[in-house]
Amino acid sequence: MAKTWRFFPYDEARVRAFCQALQVSPLTAQVLIARGMDSPGDGKKFLETKLTDLHDPSLLPGISEATERVVSAIKAERKVTIYGDYDVDGVTATALLWNCLKLAGAEVDYYIPCRLEEGYGLNCDAIRQLAESDPKQLVISVDCGISSVEEAALAKELGLELIITDHHQFEEELPDAACLVHPRLPGTSYPFGDLCGVGVAFKLAWSICVQLGDGERANDQLREFLKSAVGLTAIGTVADVVPLLAENRTIVRYGLGSLAQRSSIGLRSLMTLAGIEIGQTLDAEDIGFGIAPRLNAAGRLGQARLAVELLTTTNRDRATQLAQYLEELNRNRRTVERRIFKSAKEMVEAKPEWEDHHALVLADASWHAGVIGIVASRIAETFQKPAILMTIDRNEGVAHGSGRSFGGYNLYDGLVACADTLVRFGGHHAACGVHVSEDRLDDFRQQLSQHASTHQVPREVGEIRIDAEVRLADVTRHGVKELDRLGPFGEQNPRPVFAANRVELAAPPKTMGEGGRHLDIRVKQHGTSLRAIAFGRGEWAEEIAAVDGTIDIGFTAGINRFRGRENVELRLEDWQPSTATPSE
């Protein structure tokens, strides 16, 4: 499907004003304007984000009461159990709060449900197990629980004190827990509603550290802990694909520095296996493609406790052992993922009538429940529409799985509209978990497609927004590093996309990676030659080679660091045969 290139208009006077006021290049000025900065003052604030820009944790709904309950439990020497989730957001939130409470002298443990046996979130069997083991303990959920009405009621019935901290979408009825901590609770007005689960846990840890200090400031030990905890928070924030704006951008920006300088021995072991040099400058992609998949593999394959142990251990040998095991799990996960993706893609292609569907709902009894969320993301990108993938439990007659949105569609709203066909569901606008009776799969498929057809964001799904048209000579190492000040890049703050017209091939295109999945080309223009890669686009090699003449390319730019050398490298987003008349 050919994509439409949308160019942001160039205003020379505004660009000049930004350049003079901010002492930046025209390229950076143009991107700031394209990103909605109305004045140089807005640009300055965006470029000079400070850690002090984070909102005071006391503003977070429910956090003051939660802090009092936690501190009271610590002082009373009651056991505290952190109930987490098995994804990266939940694992980092669990580890962060565990480390905080351990430093505070608490008797603390954690419980992570098995993805394959218990599913997501609080469950009644786990609540009963916790109450039987110690009915006087305090249970704190992280990254889950805001929809657990039945489970909270059971905890209350059993006399179990339950604090729920979460960020997911909630239903009309909220759980009757001892305390709820959530950035968007009804009737509240926290300044930033898009914190992820570990972001909420970080705010709770911050509040606890302050309370254990003098009420306004944490002691030296806990303050040092908070500086390192920003790194864990950054990992979960990037992995959970929440908007990298405002507080989230600040957390990740400073968290990347914390990871480079203050990582635990477990994280250092994992980073080494991921090819991340300890002490080097990290970016969000190091998390997204290096750290997060390895932590995620443990939860996806039913062993999330090992990821928490890696993030909390102080034993160097154990850290090395755990990191190596997670590396092996990640390799296994990739193998399973490739198999399911091939199967799902073939399923769609075998159903021509699905081409007109505005959302895809796919199910197969052989698919691994822990991996289908990742594959759903790839299917959504491949077919450019929201996708839900499920595995079918033949014994229970229920299909369950995960979905990913595409093109700005609010997937959670779509599930609400289809609620009569579902057993249960949860999530947010970009991702979801869902259970549906096998005999209602077709009904669900039709209803979700119908809802998506009338609620898509009013923009072409197949469009690329170009921040600026450039020459390859403009894409210098200094210029790319200056653009990095706009980062960290991720959800709703993507890397700037540029277009260069009438570029030539400096060498025949080639493929790389297992099965030739990726494209590797070298392009040149007016004496400047740069390498460009495109992940998952190996088929472009033959197509580009067949073009008789120059091509236009849409790309992002980054720095490739290898053995102490730094080179500009392009990430190809799209290309097309040149049609424009060459400029003089």
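For clarity, every value in this text was computed on a predicted model and none was experimentally measured.

Draft legend 1. Geometry of empty space enclosed by the protein. Scanning all chains against the criterion turns up one cavity of 30 Å³ or more. Counted as a void, the largest cavity has a volume near 40 Å³. Lining the largest cavity are Val480, Leu483, Asp484, Phe489, Arg495, Pro496, Phe498 and Ala557.

Draft legend 2. Quick look at the sheet that holds strand β2 (residues 79–83). Taken in spatial order, the five strands of this open sheet run β3-β2-β4-β5-β6, and their pairing is parallel. Whereas interior strands pair on both sides, the edge strands pair on one side only; in this sheet they are β3 (107–111) and β6 (179–181). Going across the sheet, the axis of each strand differs from the next one's by a mean of 20°, ignoring polarity. Bridge analysis of β2 against strand β4 (residues 138–141) gives four bridges, and the strand direction is parallel. In the sheet register, Ile82 faces β4, and the bridge partner there is Ile140. Set on the sheet, helix α6 (residues 124–133) makes contact with β2, β3 and β4; between it and β2 the angle comes to about 165°.

Draft legend 3. Looking closely at unusual backbone geometry. The linkage connecting Gly487 with the following residue, Pro488, adopts the cis geometry, with an omega of 0°. With respect to the helices and strands, the residue Pro488 is situated in the loop between α18 (477–483) and β14 (498–505). Located in the positive-phi region is Gln23, a residue other than glycine, with phi close to 55°. Mapping Gln23 onto the fold places it in the loop between α1 (12–22) and α2 (26–34). Classification of Gln23 by relative accessible area gives exposed; the value is 65%. Despite not being glycine, Ala246 has its phi angle at roughly 50°, a positive value. As for its placement among the helices and strands, Ala246 is situated in helix α10 (residues 246–262).

Draft legend 4. Fine view of the sheet that holds strand β11 (residues 431–437). Strand order in the open sheet formed by five strands is β7-β8-β9-β11-β10, and the pairing between neighbours is mixed. Each end of this open sheet is capped by a strand with a single partner; those strands are β7 (360–364) and β10 (424–427). Recorded for the sheet is a direction-independent mean angle of 15° between the axes of neighbouring strands. As judged from the seven bridges shared by strand β8 (residues 387–393) and strand β9 (residues 398–404), these two strands associate in the antiparallel manner. Note that in β9 the partner of Leu389 across the bridge is Ser402. Taken strand by strand, helix α14 (residues 316–349) contacts β7 and β8, and its axis lies near 120° from that of β7.

Draft legend 5. Representation of the environment of Ser258 within the structure. Inspection of the secondary structure assignment puts Ser258 in helix α10. Linking Ser258 and Leu362, residues 104 residues apart in sequence, is a C-alpha distance of 41 Å. The residues touching Ser258, leaving out its near neighbours within four places in the chain, are Lys227, Ser228, Gly231 and Ser263.

Draft legend 6. Local environment of helix α17 (residues 441–455). With 15 residues, α17 should reach 21 Å at 1.5 Å per residue; the first-to-last C-alpha distance of 21 Å fits that figure. Of all the positions in α17, only Leu441, Phe444, Arg445, Leu448, Ser449, His451 and Ala452 are classed as buried. Around the axis of α17, the buried residues are gathered within 165° of arc, so they sit on the same side. Residues of α17 that are exposed and point over 90 degrees away from its buried face: Asp442, Gln450 and Thr454. On the buried face of α17, the contacting elements are β7, β8, β9, α16 (411–417) and β11.

Draft legend 7. Layout of the nonpolar core. By size, the foremost hydrophobic cluster in this structure holds 100 residues, and its most contacted members are Leu101, Ile291, Leu295 and Leu389. Setting aside residues no more than four positions away along its own chain, Leu295 makes contact with Val88, Ile235, Leu270, Ala307, Leu310, Leu311 and Leu326. If you look at the next biggest cluster of nonpolar residues, it comprises 42 residues, including Leu22, Ala500, Leu519 and Phe555.

Draft legend 8. Geometry of the packing of aromatic side chains. What the rule picks out here adds up to four aromatic pairs. With centroids separated by 6.0 Å and ring planes inclined at 50°, the aromatic side chains of Phe202 and Trp206 adopt a geometry described as tilted. With a gap of four residues between them, Phe202 and Trp206 both fall in helix α8 (residues 197–212), about one helical turn apart. Ring centres 6.2 Å apart and planes at 55° place the aromatic pair Phe498 and Phe555 in the tilted group. Note that Phe498 is positioned in strand β14 and Phe555 in strand β18 (residues 551–562), a separation of 57 residues in sequence. Classification of Phe498 as buried rests on a relative accessible area of 1%. In this structure, Arg249 packs its charged tip against the face of Phe46, placed 3.6 Å from the ring centre. One residue, Arg378, lies across the ring of Phe341, its end atom 3.8 Å from the ring centre.

Draft legend 9. Representation of the pattern of salt bridges within the structure. Counted according to the given criterion, the structure contains 33 salt bridges. Across the salt bridge formed by Arg6 and Glu463, the nearest N and O atoms sit 3.2 Å from each other. Taken together, the residues span a long stretch of sequence, with Arg6 in strand β1 (residues 4–7) and Glu463 in strand β12 (residues 463–466) at a distance of 457 residues. For Glu161, the salt bridge identified is with Arg69, shortest N-O distance 2.7 Å. Of this pair, Glu161 sits in strand β5 (residues 161–165) while Arg69 sits in helix α4 (residues 63–75), placing them 92 residues apart in sequence. Overall, the relative accessible area of 27% leaves Arg69 in the partly exposed class. Residues joined in a network through salt bridges with shared partners are Asp283, Glu285, Asp484, Arg495 and Arg571.

Draft legend 10. View of the layout of surface pockets. Of the volumes computed, that of the second largest pocket is approximately 440 Å³. Along the wall of the second largest pocket there are 16 residues; nearest its centre are Leu51, Trp206, Arg223, Leu226 and Lys227. The greatest single-element share of the lining of the second largest pocket, amounting to four residues, is contributed by helix α9 (residues 220–239). In terms of residue class, the lining of the second largest pocket is built from nine nonpolar, two polar and five charged.

What counts and what doesn't
- Residues numbered from 1 in each chain as written.
- Predicted model: local features only at pLDDT ≥ 70, side-chain atom pairs only at ≥ 80, totals over all residues.
- Heavy atoms only, no water.
- 1 Å grid on protein atoms, 1.4 Å probe; cavity = no way out; pocket = protein on both sides within 12 Å on 5 of 7 lines; lining within 4 Å.
- Points joined across faces, edges and corners; volume = space filled by probe spheres on them.
- Pairing = 2+ DSSP bridges.
- Helix = DSSP H or I, 4+ residues; strand = E, 2+ residues; numbered from the N terminus.
- Axes fitted to C-alpha atoms, helices over the stretch in contact; angles between N-to-C directions.
- Contact = heavy atoms within 4.5 Å.
- Buried < 20%, exposed > 50% of the residue type's maximum accessible area, 1.4 Å probe, protein only.
- Expected span 1.5 Å × (residues − 1).
- Arc of directions from axis to C-beta.
- Core = buried A, V, L, I, M, F, W, Y, C linked by side-chain atoms within 4.5 Å.
- Phe/Tyr/Trp six-rings, centres within 6.5 Å; stacked < 30°, edge-to-face > 60°.
- Lys NZ or Arg CZ within 6 Å of the ring centre and 35° of its normal.
- Salt bridge = Lys/Arg side-chain N within 4 Å of Asp/Glu carboxyl O.
- Nonpolar A, V, L, I, M, F, W, Y, C, P; charged D, E, K, R; others polar.

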